[in-house]
Amino acid sequence: MSNITIRLATEADLDRITAIYADAVTHGTASYELDPPSRAEMGARFDGLMEGGFPYLVAEQGDAVLGYAYAGAFRPRPAYRFIVEDSVYVAPEAQGMGVGLKLMRSLIEAVQAAGFRQIVAVIGDGRADSASVRLHEKLGFHHSGRLEGSGYKHGRWLDTVFMQLPLNGGATMPPDPLSLPERTFRGGRKGK
């Protein structure tokens, strides 16, 4: 794991990111998408996150991207602006090497530095033994809810688990007016 570096994702990474996600959609249950999105769709999603100032990271070994993680808006309504939802995907050949842990640690740091107050993980097929649930528990996320039988994929019903990690004082103090979510919100309300 020591020769794996974490860096900001660029548009040049999108072919590999698209391939990693396509494998997760096709073979896994973490995503409730049934058909892998096209490279163009993944590019549009990437652009939207970049325009919002959200962190988008890749794990790289040599010149090979092994996984990616990003944070995006949890919900579009403005009162949710201090909460982000994380996503992390690791290439099949890199699973079990600590790539997800390294990505998530860096993502948490980036989200915290931006001034967000909560990270929410919405985990498809949230069995207690799933890699994603175990990863989030290791990082200090606590369980905050479960939607039973909320998805149907690969011939079975899946539960969705919600996990949450408070940052920057969580809900114990008022918003920081200098945080990214507050600056973005205030800037977007000028003239309204």
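Below you will find a few notes about this structure. (Residues numbered from 1 in each chain as written. Predicted model: local features only at pLDDT ≥ 70, side-chain atom pairs only at ≥ 80, totals over all residues. Heavy atoms only, no water.)

## Some points on the packing of helix H1 (residues 14–27) against helix H2 (residues 39–51)
Interhelical geometry of H1 versus H2 gives an angle of 110° and a closest axis separation of 10 Å. Viewed along their axes, H1 and H2 adopt a mutual orientation that is roughly perpendicular. Taking contact as the criterion, the partners of Leu14, Asp15, Ile17, Thr18 and Tyr21 in H1 are, on H2, Arg39, Met42, Gly43, Arg45 and Phe46. (Axes fitted to C-alpha atoms, helices over the stretch in contact; angles between N-to-C directions. Helix = DSSP H or I, 4+ residues; strand = E, 2+ residues; numbered from the N terminus. Parallel < 35°, antiparallel > 145°, perpendicular 65-115°, else oblique. Contact = heavy atoms within 4.5 Å.)

## Considering helix H3 (residues 99–114)
With 16 residues, H3 extends 23 Å from end C-alpha to end C-alpha; this agrees with the ideal 22 Å at 1.5 Å per step. Every buried residue of H3 is accounted for by Val99, Gly100, Leu101, Leu103, Met104, Leu107, Ile108, Val111 and Ala114. Following H3 by one or two positions, Gly115 has its phi on the positive side, about 95°. (Expected span 1.5 Å × (residues − 1). Buried < 20%, exposed > 50% of the residue type's maximum accessible area, 1.4 Å probe, protein only.)

## Section: the environment of Glu109
Looking at the element boundaries, Glu109 is found in helix H3. Glu109 sits in the exposed class, given a relative accessible area of 56%. Remark: the alpha-carbon pair of Glu109 and Pro55, spanning 54 residues in sequence, is separated by 9.8 Å.

## Details of the pairing of strand E6 (residues 142–153)
Sheet topology places E6 next to strand E7 (residues 156–166); eight bridges connect them, and they run antiparallel. Residue pairing for E7: Gly145 is matched across the bridge by Phe162. Taken together, E6 and the strand that follows it, E7, pair antiparallel across an intervening segment of two residues, in which His154 is found at a positive phi of about 55°. (Pairing = 2+ DSSP bridges.)

## Let's talk about the nonpolar core
Counting 48 residues, the largest nonpolar core has Ile17, Tyr68, Val99, Met104, Ile108, Val111 and Phe141 as its most contacted members. Aside from chain neighbours lying at most four places away, what touches Met104 is Asp86, Val88, Leu135, His136, Leu139 and Phe141. (Core = buried A, V, L, I, M, F, W, Y, C linked by side-chain atoms within 4.5 Å.)

## With respect to the sheet that holds strand E2 (residues 56–61)
On the basis of which strands lie adjacent, the open sheet formed by seven strands has the order E1-E2-E3-E4-E5-E7-E6 and mixed pairing. Of all strands in the sheet, those bounded by a partner on one side alone are strand E1 (5–8) and E6. Pairs of neighbouring strands in the sheet enclose a mean axial angle of 25°, with direction left out of account. Bridge analysis of strand E4 (residues 83–90) against strand E5 (residues 118–124) gives four bridges, and the strand direction is parallel. Its bridge partner being in E5, Glu85 is matched across the sheet by Val120. Contacts from H2 reach E2 and strand E3 (64–73), with the element oriented near 55° to E3. Relative to the sheet, helix H4 (residues 131–138) contacts E4, E5, E6 and E7, its axis offset from that of E5 by approximately 160°.

## A few points about the packing of H3 against H4
It is at 10 Å that the axes of H3 and H4 come closest, and there the two elements cross at 45°. On the basis of the axis angle, H3 is oblique to H4. Note that H3 runs across H4; the crossing there is right-handed. Facing Gly100, Leu101 and Met104 of H3, the residues of H4 in contact are Leu135, His136 and Lys138. Classifying every residue of the contact of H3 with H4 by side-chain character gives three nonpolar, two polar and one charged. (Left-handed = near helix turned anticlockwise from the far one by under 90°. Nonpolar A, V, L, I, M, F, W, Y, C, P; charged D, E, K, R; others polar.)

## A few points about the side chain of Asp125
Residue placement: Asp125 occurs in the loop between E5 and H4. Note on Asp125: relative accessible area 6%, which makes it buried. Apart from residues no more than four positions distant in its own chain, Asp125 is found in contact with Thr29, Tyr32, Ser130, Arg156, Leu158 and Asp159.

In short, geometric facts, not functional conclusions.
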